[in-house]
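Descriptive analysis of the structure
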Amino acid sequence: MISTSPEAMVLFQFNYLLVVEKSLEVICGLLLLINRFVPLALTVLTPITANIFLLHIFVDPSLLILAVIMVILQGYLLYYFRDKFKRLLEIK
């Protein structure tokens, strides 16, 4: 099992932030696995994935390949469910 990098752990000065983030990751991951509320899960996971990706680009490149894989997989799901997100991106 891959653990969280020490550089990432320094950013979590308060333990509750790590608990909230990991809880959201697990809940959304379960929603994706059971194929329920997928657009909601993707909406919640997108900023988390972006932060993970940016952290591994700028702070800790040791696990960058996993972050890139996460971005690619999430990008595919966002593209697959793009019809669900069109209303969010409309300008009125």
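1. Notes on the overall build of the protein chain
From N to C terminus, the protein chain includes five helices and zero strands. Listing every helix and strand of the protein chain by position from the N terminus yields α-α-α-α-α. Looking at the protein chain residue by residue over its 92 residues, the buried ones come to 22%. A fraction of 49% describes how many contacts in the protein chain between residues 6 or more apart in sequence connect residues 24 or more apart. Working note: accessible area of the protein chain is about 7,200 Å², and carbon and sulfur atoms make up 71% of it.

2. Remarks on the packing of helix H3 (residues 38-58) against helix H4 (residues 64-80)
Where H3 contacts H4, the axes come no closer than 9 Å and their chain directions differ by 150 degrees. Taken as axis vectors, H3 and H4 run roughly antiparallel relative to one another. With respect to the hand of their crossing, H3 and H4 are arranged in left-handed fashion. Within the contact between the two elements, H3 uses Leu 42, Leu 45, Thr 46, Thr 49, Ile 52, Phe 53, His 56 and Ile 57 and H4 uses Leu 64, Ala 67, Val 68, Met 70, Val 71, Gln 74, Leu 77 and Leu 78. Counted by class, the contact of H3 with H4 contains twelve nonpolar, four polar and no charged residues.

3. Things to note about the nonpolar core
Listed in full, the seven residues of the largest apolar core are Cys 28, Leu 31, Ala 41, Leu 45, Ile 48, Ile 52 and Ala 67. Listed by contribution, the elements that provide at least two residues to this core are helix H2 (15-33) and H3. Ranked by residues supplied to this core, first place goes to H3 with four residues. Ignoring sequence-local partners within four residues, the contact set of Ile 52 consists of Glu 21, Glu 25, Ala 67 and Met 70.

4. Remarks on the pattern of salt bridges
This model, assessed by the stated rule, comprises two salt bridges. Residues Glu 25 and Lys 22 are paired through a salt bridge, measuring 3.5 Å at the closest nitrogen-oxygen approach. Of the two residues, Glu 25 and Lys 22 are both situated in helix H2; the distance of three residues between them amounts to about one turn of the helix. Residues Asp 83 and Lys 86 are paired through a salt bridge, measuring 3.4 Å at the closest nitrogen-oxygen approach. Taken together, the positions of Asp 83 and Lys 86, both in helix H5 (residues 82-89) and three residues apart, correspond to about one turn of that helix. On the accessibility criterion, Asp 83 (54% relative accessible area) is exposed. Classification of Lys 86 by relative accessible area gives partly exposed; the value is 49%.

5. A look at unusual backbone geometry
For Asn 35, which is not glycine, the phi dihedral falls at a positive 60 degrees. In this structure, Asn 35 sits in the loop between H2 and H3. Note on Asn 35: relative accessible area 56%, which makes it exposed. In this structure, Phe 37 is a non-glycine residue whose phi angle is positive, near 50 degrees. Of note, Phe 37 is situated in the loop between H2 and H3.

Definitions and cut-offs
- Residues numbered from 1 in each chain as written.
- Predicted model: local features only at pLDDT ≥ 70, side-chain atom pairs only at ≥ 80, totals over all residues.
- Heavy atoms only, no water.
- Helix = DSSP H or I, 4+ residues; strand = E, 2+ residues; numbered from the N terminus.
- Buried < 20%, exposed > 50% of the residue type's maximum accessible area, 1.4 Å probe, protein only.
- Contact = heavy atoms within 4.5 Å.
- Areas by Shrake-Rupley, 256 points an atom, 1.4 Å probe, with all protein chains shown as cover.
- Axes fitted to C-alpha atoms, helices over the stretch in contact; angles between N-to-C directions.
- Parallel < 35°, antiparallel > 145°, perpendicular 65-115°, else oblique.
- Left-handed = near helix turned anticlockwise from the far one by under 90°.
- Nonpolar A, V, L, I, M, F, W, Y, C, P; charged D, E, K, R; others polar.
- Core = buried A, V, L, I, M, F, W, Y, C linked by side-chain atoms within 4.5 Å.
- Salt bridge = Lys/Arg side-chain N within 4 Å of Asp/Glu carboxyl O.

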